[in-house]
Each structure stands twice: as structure tokens, then as C-alpha cells.
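The lines below spell out each chain.
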Amino acid sequence: MTKHYLLSIQQPDGGPPAPEILEPIMTDVAKFNDELREAGAWVFAGGLHEPTTATVVRYDDGELLTTDGPYVEGKEHVGGLSIVAAEDLDEALEWGRKLARATRLPIEVRPFQGEPDDHL
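Here the structure is a predicted model, which is why all the values come from computation and not from measurement.

Caption draft 1: Focus on a nonpolar patch on the surface. Nonpolar side chains collect at one region of the surface, where Val-57, Tyr-59 and Leu-64 lie side by side and expose about 390 Å² of accessible area between them. Mapped onto the fold, Val-57 is located in strand β3 (residues 55-60). The exposure class of Val-57 is exposed, given its relative accessible area of 58%.

Caption draft 2: Quick look at the nonpolar core. Core analysis: the largest hydrophobic core is formed by 16 residues, its most contacted members being Leu-7, Phe-32 and Trp-95. Where this core is concerned, the elements lending two or more residues are β1 (3-12), α1 (19-39), β5 (76-86), α2 (89-103) and β6 (107-111). What Phe-32 contacts, discounting residues up to four positions off in sequence, is Leu-7, Ser-82, Trp-95, Lys-98, Leu-99 and Ala-102.

Caption draft 3: Spatial organisation of the sheet that holds β1. Read from one edge to the other, the open sheet built from 4 strands follows the order β2-β5-β1-β6, with strand pairing classed as antiparallel. Only two strands of the sheet have a single neighbouring strand rather than two, namely β2 (42-47) and β6. Strand-to-strand twist across the sheet, computed as the mean angle between neighbouring axes with direction ignored, equals 20°. By the bridge criterion, 5 bridges tie β2 to β5 in an arrangement that is antiparallel. For Trp-42, the partnering residue across the bridge sits in β5 and is Val-84. Sitting on the sheet, α1 touches β1, β2 and β5, and the angle it makes with β2 is about 165°.

Caption draft 4: Inspection of the side chain of Gln-10 at higher detail. Residue position: Gln-10 is located in strand β1. A polar contact of 3.0 Å, which involves the side chain of Gln-10, links it to the side chain of Ser-8. Beyond its immediate sequence surroundings of up to four residues, Gln-10 is in contact with Glu-76, His-77, Val-78, Leu-105, Pro-106 and Glu-108.

Caption draft 5: Region of the structure containing α1. With 21 residues, α1 ought to run about 30 Å at 1.5 Å a step, and its terminal C-alpha atoms sit 30 Å apart, in line with that. Taken together, the buried positions of α1 are Ile-25, Val-29, Phe-32, Asn-33 and Leu-36. Burial along α1 is one-sided: seen end-on, the buried residues are contained in an arc of 100°. Opposite its buried face, α1 presents the exposed residues Glu-20, Glu-23, Lys-31 and Glu-38, each directed more than 90 degrees away. Of the surrounding elements, those touching the buried residues of α1 are β1, β2, β5 and α2. The positive-phi residue at the C-terminal boundary of α1 is Gly-40, with phi of around 75°.

Caption draft 6: Summary view of the pattern of salt bridges. Taken as a whole and assessed by the stated rule, the structure comprises 7 salt bridges. A salt bridge links Arg-37 to Asp-34; its shortest N-O distance comes to 3.7 Å. Here Asp-34 and Arg-37 lie together in helix α1, a separation of 3 residues that amounts to about one turn. On the accessibility criterion, Arg-37 (44% relative accessible area) is partly exposed. Salt bridges sharing partners connect three or more residues here, namely Glu-94, Arg-97 and Arg-101.

Calculation rules
Residues numbered from 1 in each chain as written. Predicted model: local features only at pLDDT ≥ 70, side-chain atom pairs only at ≥ 80, totals over all residues. Heavy atoms only, no water. Patch = residues over 30% accessible without salt bridge, like charges linked within 9 Å, V, L, I, M, F, W, Y side chains within 5 Å. Areas by Shrake-Rupley, 256 points an atom, 1.4 Å probe, with all protein chains shown as cover. Salt bridge = Lys/Arg side-chain N within 4 Å of Asp/Glu carboxyl O. Helix = DSSP H or I, 4+ residues; strand = E, 2+ residues; numbered from the N terminus. Buried < 20%, exposed > 50% of the residue type's maximum accessible area, 1.4 Å probe, protein only. Core = buried A, V, L, I, M, F, W, Y, C linked by side-chain atoms within 4.5 Å. Contact = heavy atoms within 4.5 Å. Pairing = 2+ DSSP bridges. Axes fitted to C-alpha atoms, helices over the stretch in contact; angles between N-to-C directions. Polar contact = N/O pair within 3.5 Å; in protein donor to acceptor, adjacent residues only side chain to side chain. Expected span 1.5 Å × (residues − 1). Arc of directions from axis to C-beta.

In C-alpha cells, the structure reads:
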């Protein structure tokens, strides 16, 4: 039975690269997404806006607090993600390798808890 895995793209802070760098990456990411769909492994994928667009909601001592900006500031952030269906971690890691080649960025691969029907 397949499991769901999160492939999160670890992107350096700062604006996007120049078009001559970004365009071939986006072409490769589109090919990766097509391959995922053809293999029946596609669940969801999308890019995220810069961390400065984030809003953090916290529950603290009975109160909800809302603050602007990312939860954690650093030199990298999650720039996008794919959720894939894979038979096991080895298969998910292979998708992670393919996404790393496409994006030229580090990819964190993490399994979801439970079964796919638990979170669809």
C-alpha cells in the first residue's frame, strides 16, 4: 500500500534567481511534475511566496496571538512542496532525488503519519 511523503524544497532567502537561471529550472520542475502524474504518484505540489508574506498564529495561555512574518527566520525557507504517493521510503527518496536535480536545491523527504485515507 502506498504512503504519502512530503518533499519540501529548501530555498535560500532572497529573491528569485535571474530569468536565465530560473527558466530552465522551472522547465525541469514541470517535467518532474509530468513524470509524477504519469507514474500515478502525484498528490499535490505548489510553490510558496516569500517568508515575509507569512502570518503565524499561536495559542498561548488561553489566547490566540497573530504575528506577521515567518515562524523562524534563517538563511533558508520552504519555497515549495510536493506530496507524493510512494510504496516506501526508497521510492520517495528517488522522487526527492529527481526533484533535487530539477530544482538544484536541497529536498527534505518526510513521511506522513497514518494512511493516505487518513489525510485526504
